[in-house]
Amino acid sequence: DQQVKQNSPSLSVQEGRISILNCDYTNSMFDYFLWYKKYPAEGPTFLISISSIKDKNEDGRFTVFLNKSAKHLSLHIVPSQPGDSAVYFCAASALGNQFYFGTGTSLTVIP
Amino acid sequence: DAGVIQSPRHEVTEMGQEVTLRCKPISGHDYLFWYRQTMMRGLELLIYFNNNVPIDDSGMPEDRFSAKMPNASFSTLKIQPSEPRDSAVYFCASSPSWRGSNEQYFGPGTRLTVT
């Protein structure tokens, strides 16, 4: 049973526009969330994280929003660049235990 | 540091054969994780080690899967016998400390194809 869901397998965005990647989770005990970025033939690399005590965390062009009541988080990329084209995974953990990953969203930024 | 190293990068084998995947974590990292990536289930944690000791192997799908970490710089994931449904990308990751709030560093993965 998937505890972390990324319902959009793919997303295409024009360069310069905003990319919004969504993630839903079912376990209300999750208290820490991360986004990973994966290029083809490479392993995922850490992008940004957020603790459940916050509802927003920003790092340059990347912002993660957390809506605990809706059990939803999103990653915003502004402005989107062609180099952002990759697969994005969200992950969640509860109380320091293992991470549960979503199935990923493939982002294509069109020049 | 060279990062997490995995070998081989690609493995093609026939059903019933034994497959061994290898991983060298980043030096000084106490935690090592094995994941499997499939389209349907995303990244699934198979097993993780702390200081070379297996802590949680509840994600290992069947007895055909086994993992070892004989020392701090080497781990193997073995599938015996392999089946076509084992075809996936297998990632190894390591972390310097891990309480659910530290990032993990992933290797490039091994793409396994079982025919």
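Here's what I pulled together on the structure shown here.

**What about the sheet that holds strand 7 (residues 65–71) of chain B?**
All names here are of chain B.
And step 1. Taken in spatial order, the four strands line up as 1-3-8-7 in an open sheet, and their pairing is antiparallel. In the strand order of this sheet, the two ends are held by strand 1 (5–7) and strand 7, each with one partner. Taking each pair of neighbouring strands and ignoring which way they run, the sheet shows an average axis angle of 15 degrees.
And step 2. In terms of strand pairing, strand 7 meets strand 8 (residues 74–79) through five bridges, oriented antiparallel. By the bridge assignment for strand 8, Lys68 is matched with Thr76.

**A word on the sheet that holds strand 6 (residues 56–59) of chain A**
Residues and elements named next belong to chain A.
And step 1. Read across the open sheet, the five strands follow the order 1-3-8-7-6; overall the sheet is antiparallel. Looking at which strands have only one partner, the edges of the open sheet turn out to be strand 1 (4–5) and strand 6.
And step 2. Summarising the sheet, strand 3 (residues 19–25) and strand 8 (residues 72–77) pair through six bridges and their orientation is antiparallel. Each residue of the ladder has a partner; that of Ser19, found in strand 8, is Ile77.

**Comments concerning the interface of chain B and chain A**
And step 1. Taken together, the contacts link 20 residues of chain B with 21 residues of chain A.
And step 2. Of the roughly 1600 Å² buried between chain B and chain A on both sides combined, carbon and sulfur atoms contribute 56%.
And step 3. At the boundary of chain B with chain A, the tally comes to zero salt bridges.
And step 4. If you list the elements that add at least two residues to the side of chain B that touches chain A, you get strand 4 (31–38) and strand 5 (42–50) of chain B.
And step 5. At three residues, strand 5 of chain B tops the list of elements feeding residues into the side of chain B that touches chain A.
And step 6. For the side of chain B that touches chain A, a count of residues per class yields nine nonpolar, seven polar and four charged.

Conventions used here
- Residues numbered from 1 in each chain as written.
- Chains lettered and ligands numbered in written order.
- Predicted model: local features only at pLDDT ≥ 70, side-chain atom pairs only at ≥ 80, totals over all residues.
- Heavy atoms only, no water.
- Pairing = 2+ DSSP bridges.
- Helix = DSSP H or I, 4+ residues; strand = E, 2+ residues; numbered from the N terminus.
- Axes fitted to C-alpha atoms, helices over the stretch in contact; angles between N-to-C directions.
- Contact = heavy atoms within 4.5 Å.
- Buried area = accessible area lost by both parts, 1.4 Å probe.
- Salt bridge = Lys/Arg side-chain N within 4 Å of Asp/Glu carboxyl O.
- Nonpolar A, V, L, I, M, F, W, Y, C, P; charged D, E, K, R; others polar.

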